[in-house]
Amino acid sequence: MIFVTGGAGYIGSHTCVELLQAGHEVTVYDNFSNSSPESLRRVERITGRAVRLVEGDIRHPQALTDALRQSGASAVIHFAGLKAVGESVEQPLRYYDNNVLGTLSLLHAMGACHVNKLVFSSSATVYGDPLHLPITEDHPLSATNPYGRTKLMIEDILRDLYRSDPAWHIGILRYFNPIGAHPSGLIGEDPQGIPNNLMPYVSQVAAGQRERLQIWGQDYPTPDGTGVRDFIHVVDLALGHVRTLAHLEKAAGCTAINLGTGQGYSVLELVRAFEKASGQTVPYSFAARRAGDIAASYASPERAIQLLGWRPQHGLDAMCADSWRWQQGNPLGYRPAQG
Ligand code: NAD
Ligand code: UD1
């Protein structure tokens, strides 16, 4: 049994599918602050298997400990957290509370239940403005906003915990830019309000829900002047978690692993690939750089290949086609259509 905090969210729901399809049982613990139970009903539809669900907040130690104990889980995958950079600048205490205190509460609960295998959702944001590309896991770590600092603090806490007790099995997964959706079109990213991230914004423009994309910056030192990112299909990312669990079975440790493809694409390249996959035009205009953005970021996926035997299988065209299928089939995300 795997205990999945935040399992109803974008990456969590895709990971639940892959866990169930790999033969694991799953208990999701989620407070639905940024998701809906509908995603888990869809996970059950895709897999034909049941998901155990406990609605709760990771910051409620007693409820969390009870849920973890009752689940009988042997490992935890910890997705629960807030993730909007701009919001974290405006509401830093909310981010430290939810992400850092929430994780401390989880670690205490794991200790009380004698569960010592953990996969944690970190982010390439912990590399700050990269000093070299591709980014290897030994790149110096830094953060430029409260969201990034929560990830860095949690990573430090996990490293300290392992130093104090080398019986822990901890995988720190540093995601690059997850996009795409399950090929069934039943689950995908469901942003609330105006999307902060590129792909959901592009999809909504293609669907006619928003007028045009603003491309933030055309004067970066990149081949076409727009930002370059390592977009990774969310199903490949999900499979990386299943492989990490198998790796943690083998040996104790606390290891950071990049989950990216190693290939950077620019914002304009993504827009063109999306137009091709969707058959729609994506109107755009250029605007000033977004504060805090970096020119280019892409992973060295070598450690994941070596340690996990994991390689991403989906290219940019599949990422766009799957995002578009999800967008078209679910124009309001998981919210039911009116009338
Ligand atoms: P998401 O918002 O879709 O999922 C997070 C889930 O956690 C949601 O279901 C939410 O309801 C739940 N949650 C939040 N706070 C909680 C709490 N206190 N108690 C219980 N549940 C809580 O986000 P996602 O894109 O699936 O991201 C999952 C994790 O991966 C996050 O930790 C995020 O920071 C990290 N991450 C995401 C990206 C990305 O691009 N999506 C990149 C790097 C890292
Ligand atoms: C952002 C976060 C990062 C987080 C990641 C995943 C910032 C500064 N960084 O990464 O911490 O881990 O999301 O949640 O917010 N773009 C546009 N127009 C848009 C949206 C985006 O041009 O409407 C551009 C951006 O300038 C960037 C690229 O698209 O060059 C990717 O942006 P985004 O999807 O927000 O991801 P990151 O900035 O890489």
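Owing to the predicted nature of the structure, the values given are computational and were not obtained by experimental measurement.

Another point: the site of ligand 2. Taken together, the neighbourhood of ligand 2 is formed by 17 residues, with Leu198, Gln214, Arg229, Arg290 and Asp293 sitting nearest. Compared with its free state, where it exposes 740 Å², ligand 2 has 88% of that area covered by protein. In terms of residues, the shell around ligand 2 owes the most to one element, strand E8 (residues 213-216), which gives four residues. Grouping the amino acids of the shell around ligand 2 by side-chain chemistry returns seven nonpolar, seven polar and three charged.

With that settled, consider the environment of proline 223. Its location among the elements puts proline 223 in the loop between E8 and strand E9 (228-229). We classify proline 223 as exposed; its relative accessible area is 88%. Considering only alpha carbons, one finds proline 223 and serine 266, 43 residues apart in sequence, at a separation of 8.3 Å.

Our next topic: the pattern of salt bridges. Evaluated as defined, the whole model comprises 16 salt bridges. Linking arginine 59 and aspartate 97 is a salt bridge whose minimum nitrogen-to-oxygen distance equals 2.7 Å. In this pair, arginine 59 is assigned in the loop between strand E3 (52-55) and helix H3 (61-71) and aspartate 97 in helix H5 (residues 92-113), connecting sequence segments 38 residues apart. Owing to a relative accessible area of 29%, aspartate 97 belongs among the partly exposed residues under this scheme. One salt bridge connects aspartate 219 with arginine 289, and the closest N-O pair in it is separated by 3.0 Å. You can see aspartate 219 sitting in the loop between E8 and E9 and its partner arginine 289 sitting in the loop between strand E13 (284-287) and helix H10 (302-308), a full 70 residues away along the chain.

Reading the values: the criteria
- Just so you know, the residues in each chain are numbered from 1, in the order the chain's sequence is written.
- As they are written, the chains are lettered A onward and the ligands numbered 1 onward, keeping that order.
- Local features in this predicted model are restricted to residues of pLDDT 70 or higher, and side-chain atom pairs are both shown and tallied only at a pLDDT of 80 or more, whereas totals for entire chains, interfaces and linings draw on every residue.
- Heavy atoms throughout the structure, all of them, feed into the side-chain values; hydrogens and water do not.
- The criterion for a residue being near a molecule or strand is simple. One of its heavy atoms has to lie within 4 Å of it.
- Surface accessibility in these figures is a Shrake-Rupley result with a 1.4 Å probe; residues are shielded only by whichever protein chains are displayed.
- Put simply, DSSP marks the helices as runs of H or I at least four residues long and the strands as runs of E at least two long, and each gets a number from the N terminus on.
- Under the convention adopted here, Pro, Cys and the residues Ala, Val, Leu, Ile, Met, Phe, Trp and Tyr are nonpolar, Asp, Glu, Lys and Arg are charged, and Gly plus all remaining residues are polar.
- Think of it in three bands: residues with accessible area under 20% of the maximum for their type are buried, residues over 50% are exposed, and the middle band is partly exposed, with areas taken using a 1.4 Å probe on protein chains only.
- Every case where a carboxyl oxygen of Asp or Glu lies within 4 Å of a side-chain nitrogen of Lys or Arg is listed as a salt bridge.

Fair warning: the whole summary comes from geometry, so function is off the table for now.
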